[in-house]
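Breakdown of the fold
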Amino acid sequence: MIIARFIKLYFALIIMPALFSFNHPQKIIFQLPIDRANTTSVSNIENEIFAYINLHRKLAGLKPLQLSNIESSAAAQHSNNMASGKISFGHDGFSKRIQAIADRLGSINASAENVAFGRMSAKQVVGVWLQSSRHRKNIEGDFTLTGIGVAEGERGMIYYTEIFTR
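As a starting point, this report considers the structure included with it. (Residues numbered from 1 in each chain as written. Predicted model: local features only at pLDDT ≥ 70, side-chain atom pairs only at ≥ 80, totals over all residues. Heavy atoms only, no water.)

Points about helix 3 (residues 42-59)
Between its first and last C-alpha, helix 3 extends 26 Å over 18 residues, near the 26 Å set by a 1.5 Å rise per residue. A positive backbone phi angle near 80 degrees is found at Gly61, which sits one or two residues after helix 3. (Helix = DSSP H or I, 4+ residues; strand = E, 2+ residues; numbered from the N terminus. Expected span 1.5 Å × (residues − 1).)

Below, the structure is given as structure tokens:
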């Protein structure tokens, strides 16, 4: 009982104010240093993004998304391709990614994708997306599955991809 109260208090006093106190997205993308305490590994960043996305959905009264390894693999490949310079930053090949996911998961009724780049923590990436109406629409969309992939390029620039499906 005491532990549950502590966790609720921690989220109310620490996590919630931090989650919703972000700078303008254009400034964040190009000016924020990496927060090494929050970005110790790509896997950690991916897990934190997933947690922040579902926390936001919960606060908005939406059902949580389930993490799909198939979608995460596609998202990671896209982030790796952008980080390596194989493709430019953006959504090139999105329909092919969705078709490859559908080939493995079955029919997909709706899909979307968020991408970002910069030297940001997971919390900052989600904050940037939430400040954009198009990205927020994807986060709050009628989706059931998500996949998240993060990759770091040679010069330390980090690329983030989140795929949503239903």
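Focus on the packing of helix 4 (residues 69-84) against helix 5 (residues 94-105)
Direction vectors running N to C along helix 4 and helix 5 enclose 155 degrees, while the axes themselves pass 10 Å from each other. In this view, helix 4 runs roughly antiparallel relative to helix 5, as classed from their interaxial angle. Viewed along their axes, helix 4 and helix 5 form a crossing whose handedness is right-handed. In this structure, helix 4 uses Ile70, Glu71, Ala74 and His78 to contact helix 5, whose residues at the interface are Arg97, Ile101, Arg104 and Leu105. Grouping the amino acids of the contact of helix 4 with helix 5 by side-chain chemistry returns 4 nonpolar, 1 polar and 3 charged. (Axes fitted to C-alpha atoms, helices over the stretch in contact; angles between N-to-C directions. Parallel < 35°, antiparallel > 145°, perpendicular 65-115°, else oblique. Left-handed = near helix turned anticlockwise from the far one by under 90°. Contact = heavy atoms within 4.5 Å. Nonpolar A, V, L, I, M, F, W, Y, C, P; charged D, E, K, R; others polar.)

A look at the packing of helix 3 against helix 6 (residues 122-131)
At a minimum axis separation of 8 Å, helix 3 and helix 6 run at an interaxial angle of 45 degrees. Taken together, helix 3 and helix 6 sit at an angle that is classed as oblique. Here helix 3 runs over helix 6; the crossing is right-handed. Between helix 3 and helix 6, the contacting residues are Ile45, Glu48, Ile49, Tyr52, Ile53 and His56 on the first element and Ala122, Lys123, Val125, Val126, Trp129 and Leu130 on the second.

The quantities given are spatial measurements derived from coordinates; they are silent on function.
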